[in-house]
Amino acid sequence: MSRLHNLCAFCLSLFFLTTAPAQESNKDLATQLRNLDVKVPPIQSEWMKDLRARRDEANKKDVQSWHQVLNKDHWESRKKDFMGPMRFALGVRRPTSTEPTVVVAKTIAGDGFVIENLLYESRPGVWVTANLYAPAKKQAKMPGILIIHSHHNPKTQGELQDMGMLWARLGCYVLIPDQLGHGERRQHPFADAKNYPESFKVGRQDYYFRYNVAAQLHLIGESLIGWMAHDMMRGVDLLLSKPGINKDAIILMGSVAGGGDPAAVTAALDERITCAVPFNFGGPQPETKYPLPEYDAETPFNYLGGGSWESTRGLRWSVLGGFPPWAIVGSIAPRKLIYGHEFAWDQRADPVWRRLRAIYTLYDADANLDFAHGRGVLQGKPPEATHCNNIGAEHRKMIYPALKYWFDIPIPEKEYQNRVPAGDLQCWTPELQEKLKPAPLWQVAQALAEERLKTSRAELSKAPQEKRVRRLIEELSRRIAPGTAPKERGMDWKSIRIAQPMSIEFGVRSDGLANYVLLISRVKQKSPIMIGFAQAGIETLLKERAEVVAGVLGGGAAVCLVECRGMGTKGEARSRTSASTSLSATEDMFGAPVVVRQAGDLRTLLDHIGKDSRLDGKRIALWADSFAPVNPPTRNFAVPLDAKLPDHAEPGAATLALLTAFVNKDVKAVYARGGLVSFRSLLRSPFLYVPHDAIVPGILTVADVEDLVAALAPRPVRLEAMVDGLNRRVEVAKIGGDFDFARAAYKSAENRLVLQSEASAPEAVARWLLEQLK
């Protein structure tokens, strides 16, 4: 009813609009348009409902699919179906089985153990800092334990030291690396409170900056969890190279709070891992209501999870590719598995535990499955609730018997604790920094992007223009959004005829995920049409850019203003912890970034235009705008992620316009304001100030902004007031190589590609658009 109420209010406001006589100036029309009380139905809430409905439907199908697993062959077939997509989506390389380059910085002798502070090369130029705890006296057939720390603290945290020393004294190698972005591998400068003048949470920046690291890796077709998994696989290589190692006893443990995620993924993809102990991944989470429903937990349980800024949980393509967390954990079977929970666990009702037991039974490997859990709930306090930083002593008590049974690792009579200062466990020295010259992640990602773009361009350049564009479309679809086949969608339209010569119509896509406002002159038939959109939404476009709309209407073209899913958000920061970030991340789980979903919303409109006898569906111009304030070049961009951040750009509309024109030849021209000068500009600093939905995962494996523009040649394209990854205005004279490829494509039609540092006046924008529609 609220949507109907808004629609009626909008139509009434149009009814009382006094239409200007034909001879009245565009300025007067602009004033009237600006004063319209436009209240389009809100999309954000409908988008949330749509995602929940899709998630519920996917969970329902997951339950149905599970009940079709009747034997081991069925499970192996399902496992085979999702392993490939998971490896591709997360960018995980296959294990190399080659010994990594290792540099030992320091050795510490302990009571029955030795600690090596070492670095191992995970990939060219990428060094992993780690502490290797080894028995003082080497033995034959020694197990190797690899521990992934939580997002709370790096490798030096006390519980990690306790485990390293204890198991080394019991005859095991124990490798504890820093995860990418943490500890000595942090990707920000905020190591202590002195690094920033205002208040911020020093100990949480490694965790928060996972957001930036993940965004940069997504751009090059990789993922944070994929890089973590690769680092751990190289850690396995390191353990397997040690003298006396028992290759049949390689144990991977994933701590609470973010360690279990990469542990499960790594173990699923690397069969050299004999045993996995992932905490808080696959089943009920610490946030899950405890206990579970008494009679039927299977049906309402959310097997898929949801998207958020923490990219290691809601994995990209996990719904599309069929690898929800529980299936990743289940794929470890029949190898040994300890299913871990930080707090109290409802074993009786946990539907994932039932599945895991059934899977191990299919392999006749019930003895290879065990569990560990704590007490209390997340909201509780110690000692009633077993909060821990990584894997606490309470949890280890339940792990010891399984390791004894499986690998004959002795059960300790008591916990060992002899912690050393964190500074003693550091691996980088000034000498090693100078010798190895480690590069920060953004530089590594930048180099990979350049390399992959060069390869893509070289391959595509072999084909003529039309075929090259078609192949580029195919590649982008395969790498960015394989699960978005076009679907027929209806539109509900309401119209109000204003005194001649104009009418205004209002449309809502049938699923409520897009709004359309059509302003059309009735002076002549078959009007060309300008389609306009901005992140700020229809209301803002009409109020702030009324002169553009009036100028185009006055020139005899129709105007349609569009508000796609994700647009029209008001008062939302759209930064790391925003609702928009969670919605965008959830769309990634379903197989497409937001901009691709928005392109589907536009496709519905284009289909409608093609059937409207009043409109010329072969003469379309796209107008993409942004109202985001830009940051001055003197702004300090090195800011903790929980402090007051610089302004974020809103380049999504420009990207949407280019992608839409790219796949639709009826789009004759594109005007975009405030778009990104390049996606590569997001890889030139550890900081980036764009919303989550501005990130197009995998784009830089195939194309950058200039490639999309080049593919439009010789159609007119005008890009104004472009920004970089820090939301700074880009001076066209200083663009450098970011547009060389596009300029080359427009060499024979230079006047059709316009790059301008500042935005033109609205009247000039309208004139340019009209010229292209003639």
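In this text the structure is predicted, and so the values were computed from the model without any measurement. (Residues numbered from 1 in each chain as written. Predicted model: local features only at pLDDT ≥ 70, side-chain atom pairs only at ≥ 80, totals over all residues. Heavy atoms only, no water.)

**What about the sheet that holds strand E5 (residues 173-177)?**
For sheets, the rule is that strands pair by backbone hydrogen bonds, running either parallel or antiparallel.
Phase 1 of the analysis: In spatial order, the strands read E1-E2-E3-E5-E4-E6-E7-E8-E9; together these nine strands make up an open sheet with mixed pairing. The strands lining the two open edges of the sheet, one partner per strand, are strand E1 (102-109) and strand E9 (369-372). For this sheet, the mean angle separating the axes of adjacent strands, direction not counted, is 20°.
Phase 2 of the analysis: Packed onto the sheet, helix H8 (residues 224-240) meets E1, strand E2 (113-123), strand E3 (126-135), strand E4 (142-148), E5 and strand E6 (245-254) and runs at close to 125° relative to E2. (Pairing = 2+ DSSP bridges. Helix = DSSP H or I, 4+ residues; strand = E, 2+ residues; numbered from the N terminus. Axes fitted to C-alpha atoms, helices over the stretch in contact; angles between N-to-C directions. Contact = heavy atoms within 4.5 Å.)

**Thoughts on the nonpolar core**
Phase 1 of the analysis: Of all hydrophobic cores here, the largest spans 89 residues; its most connected members are Ile 531, Phe 533, Val 709 and Phe 739.
Phase 2 of the analysis: Looking at this core, the element that brings in the most residues is helix H20 (residues 652-663), giving eight residues.
Phase 3 of the analysis: Setting aside chain neighbours within four positions, we find Phe 533 in contact with Leu 541, Val 562, Met 567, Leu 602, Leu 622, Trp 623, Ala 624, Asp 625, Ala 653, Leu 656 and Ala 657.
Phase 4 of the analysis: Counting residues in each nonpolar core, the second largest holds 63 residues, with Phe 281, Tyr 303, Trp 326 and Tyr 339 among its members. (Core = buried A, V, L, I, M, F, W, Y, C linked by side-chain atoms within 4.5 Å. Buried < 20%, exposed > 50% of the residue type's maximum accessible area, 1.4 Å probe, protein only.)

**Notes on the state of the cysteines**
Disulfide: a covalent bond formed between the sulfur atoms of two cysteine residues.
Phase 1 of the analysis: Scanning all chains against the criterion turns up zero disulfides.
Phase 2 of the analysis: Considering cysteine sulfurs only, Cys 275 is the nearest to Cys 172, which forms no disulfide, with 12 Å between them.
Phase 3 of the analysis: Accessibility expressed as a relative area gives 0% for Cys 172, which makes it buried.
Phase 4 of the analysis: You can see Cys 560 has no disulfide; the closest cysteine sulfur is in Cys 564, sitting 9.9 Å from it.
Phase 5 of the analysis: We classify Cys 560 as buried; its relative accessible area is 1%. (Disulfide = S-S within 2.5 Å.)

**Some thoughts on helix H19 (residues 594-611)**
Phase 1 of the analysis: Along its 18 residues, H19 runs 27 Å from first to last C-alpha, staying within 8% of the 26 Å computed at 1.5 Å per residue.
Phase 2 of the analysis: Regarding H19, the residues found buried are Val 594, Val 595, Arg 597, Gln 598, Gly 600, Asp 601, Leu 602, Thr 604, Leu 605, Leu 606 and Ile 609. (Expected span 1.5 Å × (residues − 1).)

**Let's talk about H8**
Phase 1 of the analysis: The end-to-end C-alpha separation of H8 is 24 Å, in line with the 24 Å expected for 17 residues at 1.5 Å each.
Phase 2 of the analysis: For H8, a buried count of 16 out of 17 residues is recorded, marking the element as mostly surrounded by other parts of the structure.

**Let's talk about the confidence of the model for the chain**
Phase 1 of the analysis: Taken residue by residue, the chain gives an average pLDDT of 91. The fraction at 70 or more is 93%.
Phase 2 of the analysis: For residues 1-23, every residue scores under 50 in pLDDT, and the model assigns this stretch 36 contacts once sequence neighbours within four places are set aside. (pLDDT = per-residue confidence, 0-100.)

**Remarks on the pairing of strand E13 (residues 527-534)**
Phase 1 of the analysis: Taken across its eight residues, E13 has eight buried, putting it largely inside the fold.
Phase 2 of the analysis: Pairing analysis gives seven bridges linking E13 to strand E15 (residues 615-625), with the strands arranged parallel. Counterpart to Met 530 in the pairing with E15 is Ala 621.
Phase 3 of the analysis: Two elements, E13 and strand E14 (residues 558-564), share five bridges in a ladder whose sense is parallel. Paired with Gly 532 across the strands is Leu 561, a residue of E14.

**A look at the pattern of salt bridges**
Phase 1 of the analysis: If you walk through the whole model with that rule in mind, you get 48 salt bridges.
Phase 2 of the analysis: Two residues, Arg 34 and Glu 547, come together in a salt bridge whose shortest N-O distance is 2.5 Å. Of the two residues, Arg 34 sits in helix H2 (residues 26-34) while Glu 547 sits in helix H17 (residues 546-554), which places them 513 residues apart along the sequence.
Phase 3 of the analysis: Using a relative accessible area of 27% as the deciding quantity, one classes Arg 34 as partly exposed.
Phase 4 of the analysis: Here Asp 625 and Arg 545 are joined by a salt bridge, their closest N and O atoms 2.7 Å apart. Linking Asp 625 in strand E15 with Arg 545 in the loop between helix H16 (538-544) and H17, this pair joins segments that are 80 residues apart in sequence.
Phase 5 of the analysis: When salt bridges that share partners are traced, they join Glu 450, Arg 457, Arg 680, Arg 684, Asp 704, Glu 706, Asp 707 and Asp 738 into one network. (Salt bridge = Lys/Arg side-chain N within 4 Å of Asp/Glu carboxyl O.)

**Some remarks on the side chain of Ser 685**
Phase 1 of the analysis: Among the structural elements, Ser 685 can be located in the loop between strand E16 (667-673) and helix H21 (705-712).
Phase 2 of the analysis: A relative accessible area of 12% means that Ser 685 is categorised as buried.
Phase 3 of the analysis: One polar contact links the side chain of Ser 685 to the main-chain amide nitrogen of Phe 687, over a distance of 2.9 Å. (Polar contact = N/O pair within 3.5 Å; in protein donor to acceptor, adjacent residues only side chain to side chain.)

**Observations concerning the packing of helix H4 (residues 72-90) against helix H9 (residues 260-269)**
Phase 1 of the analysis: Where H4 contacts H9, the two axes come as close as 11 Å, and the packing angle between them is 125°. By the angle class used here, H4 and H9 are oblique. By crossing handedness, the relation of H4 to H9 is classed as left-handed. Facing H4, whose interface residues are Met 83, Met 86, Arg 87 and Leu 90, H9 presents Val 265, Ala 268 and Leu 269.
Phase 2 of the analysis: Residues belonging to the contact of H4 with H9 are distributed by class as follows: six nonpolar, no polar and one charged. (Parallel < 35°, antiparallel > 145°, perpendicular 65-115°, else oblique. Left-handed = near helix turned anticlockwise from the far one by under 90°. Nonpolar A, V, L, I, M, F, W, Y, C, P; charged D, E, K, R; others polar.)

**Here's the deal with the environment of Asp 37**
Phase 1 of the analysis: Position of Asp 37 relative to the elements: it lies in the loop between H2 and helix H3 (44-67).
Phase 2 of the analysis: What makes Asp 37 partly exposed here is its relative accessible area of 40%.
Phase 3 of the analysis: Each C-alpha atom of the pair Asp 37 and Leu 542 lies 9.9 Å from the other, and the pair is 505 residues apart in sequence.

**Focus on the environment of Val 709**
Phase 1 of the analysis: When you line up the elements, Val 709 lands in helix H21.
Phase 2 of the analysis: In this structure the C-alpha to C-alpha distance between Val 709 and Ala 742, which are 33 residues apart in sequence, comes to 6.0 Å.

**Section: the packing of aromatic side chains**
Phase 1 of the analysis: The final tally for this structure, using the stated rule, is 23 aromatic pairs.
Phase 2 of the analysis: Plain terms: the ring middles of Tyr 196 and Phe 200 are 6.2 Å apart, the flat faces sit at 85° to each other, and that makes the pair edge-to-face. In this pair, the class of Tyr 196 matches that of Phe 200, namely buried.
Phase 3 of the analysis: A ring pair is formed by Trp 345 and Phe 371, whose centres lie 5.0 Å apart and whose planes are at 55°; its orientation type is tilted. (Phe/Tyr/Trp six-rings, centres within 6.5 Å; stacked < 30°, edge-to-face > 60°.)

**A word on the environment of Asp 588**
Phase 1 of the analysis: Positionally, Asp 588 belongs in helix H18 (residues 579-589).
Phase 2 of the analysis: In sequence terms Asp 588 and Trp 317 are 271 residues apart; their C-alpha atoms lie 6.0 Å from each other.

**Observations regarding unusual backbone geometry**
Phase 1 of the analysis: Cis geometry marks the peptide bond from Pro 382 to Pro 383; its omega dihedral reads 5°.
Phase 2 of the analysis: Within the secondary structure, Pro 383 is located in the loop between E9 and helix H12 (393-407).
Phase 3 of the analysis: Going from Ala 713 to Pro 714, the amide bond is cis rather than trans, its omega being 5°.
Phase 4 of the analysis: Take Pro 714: it is sitting in the loop between H21 and strand E17 (717-720).
Phase 5 of the analysis: Backbone geometry places Asp 408, a non-glycine residue, at a positive phi of 60°.
Phase 6 of the analysis: By secondary structure assignment, the location of Asp 408 is in the loop between H12 and helix H13 (430-436).

**Some points on the packing of H3 against H18**
Phase 1 of the analysis: Orientation of H3 relative to H18, taken along the N-to-C sense of each, is 35°, at an axis distance of 11 Å. Crossing geometry of H3 relative to H18 is assigned as left-handed. Contacts between H3 and H18 involve Gln 44, Trp 47, Met 48, Leu 51 and Arg 54 from the former and Ala 579, Ser 580, Leu 583, Ser 584, Thr 586 and Glu 587 from the latter.
Phase 2 of the analysis: Looking at side-chain class alone, the contact of H3 with H18 contains five nonpolar, four polar and two charged residues.

**Some details on the pairing of E16**
Residues in a regular strand project their side chains so that they alternate between the two faces of the sheet.
Phase 1 of the analysis: Of all seven residues in E16, five are buried; the element is thus mostly enclosed.
Phase 2 of the analysis: Examined bridge by bridge, E15 and E16 share five bridges and lie parallel to one another. Residue pairing in the sheet places Leu 622 in a bridge with Val 670 of E16.
Phase 3 of the analysis: Chirality of the crossover, the property in question, places the unit of E15, H20 and E16 among those that are right-handed.
Phase 4 of the analysis: On the question of chirality, the crossover connecting E16 to the parallel E17 by way of H21 is right-handed. (Right-handed = clockwise from strand over helix to strand, strands pointing away.)

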